[in-house]
Each structure stands twice: as C-alpha cells, then as structure tokens.
Amino acid sequence: FGSSNMWLNILISIVALAMSTDVSFAWQHLTFGPQQAPCEGAVVWLHGFGDEPEGWASNLRGARAKHPNWKWVHLKGRLLSQTCYKGQKVPGW
C-alpha cells in the first residue's frame, strides 16, 4: 500500500487543499523528524483559532524527543476574516 511517508504527504495535501480557496496563499508548515529511521508514526497538528504552528512546535518539543521515530507536521491555517474581531484576519481553519 505504499510507504508511510507517501500516505503522510497525501494527507497533508488533502488538508492543505481543503483549507485553501486562495491560490496566492503561501503555506508555512513546520515539519520535524523522524530523527531516526524507520519512521514509525506521524502527528499532523492543527493549531487553534488565532494561533500559529511555531508556538505549538515549541510546546511539543518534549513529545518529539520522546518519539524520535515519528514525523511531526504542524500545519499553518490561512488568514480568515473574523466577525468577532470586526473583520480582522487571523489564522484559522
């Protein structure tokens, strides 16, 4: 059925396509690992409303250290206009 990296790349592409309606949107996803071969698992992390992947990447450093054979992908949401912020654009899904 293919390698785990192939399926991970397919999953990332599907999520990225689903969240993109703007062709000019430039993703700035963060990826880590695996630090050791073979890759035994993967985590695809979606940050919260108004947040960015860098903060979570820092907070999850310990978890990555405990799982050096996993690939970690922190997706970045596009900027969306929010009525609760009077139309201000913040990262979201």
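Quantities reported herein were computed from a predicted structural model and do not represent experimental measurements.

What counts and how
- Residues numbered from 1 in each chain as written.
- Predicted model: local features only at pLDDT ≥ 70, side-chain atom pairs only at ≥ 80, totals over all residues.
- Heavy atoms only, no water.
- Helix = DSSP H or I, 4+ residues; strand = E, 2+ residues; numbered from the N terminus.
- Buried < 20%, exposed > 50% of the residue type's maximum accessible area, 1.4 Å probe, protein only.
- Contact = heavy atoms within 4.5 Å.
- Phe/Tyr/Trp six-rings, centres within 6.5 Å; stacked < 30°, edge-to-face > 60°.
- Salt bridge = Lys/Arg side-chain N within 4 Å of Asp/Glu carboxyl O.
- pLDDT = per-residue confidence, 0-100.

**Thoughts on the overall build of the protein**
1) Next: If you tally the helices and strands in the protein, you get three helices and five strands.
2) Next: For the protein, the N- to C-terminal ordering of α and β elements is α-β-β-α-α-β-β-β.
3) Next: Classification of the 93 residues of the protein by burial places 28% in the buried group.
4) Next: In the protein, of all internal contacts separated by at least 6 residues, the share reaching a separation of at least 24 is 67%.

**Topic: the packing of aromatic side chains**
1) Next: Under the criterion given, the structure shown has three aromatic pairs.
2) Next: Pairing W45 with W56 gives two aromatic rings, centres 5.1 Å apart and planes at 45°, and the pair type is tilted. Of this pair, W45 sits in strand β2 (residues 41-46) while W56 is found in helix α2 (residues 53-59), placing the two residues 11 residues apart along the sequence.
3) Next: Residue classification places W45 among the partly exposed positions, given a relative accessible area of 28%.

**Overview of the pattern of salt bridges**
1) Next: Summed over all chains, the structure comprises one salt bridge.
2) Next: Two residues, K76 and E52, come together in a salt bridge whose shortest N-O distance is 3.5 Å. Taken as a pair, K76 in the loop between β3 (70-75) and β4 (78-81) and E52 in the loop between β2 and α2 lie far apart in primary sequence, 24 residues in all.
3) Next: Relative accessible area serves as the criterion here: at 35%, E52 is assigned to the partly exposed category.

**Some details on the confidence of the model for the protein**
1) Next: For the protein, mean pLDDT is 78; residues scoring 70 or higher make up 76% of the total.
2) Next: Per-element confidence in the protein ranges from a low mean pLDDT of 64 for helix α1 (residues 4-19) to a high of 92 for helix α3 (residues 61-66).
3) Next: Residue range residues 20-26 is modelled with pLDDT below 50. Its contacts to residues more than four positions away, or to other chains, number eight contacts.

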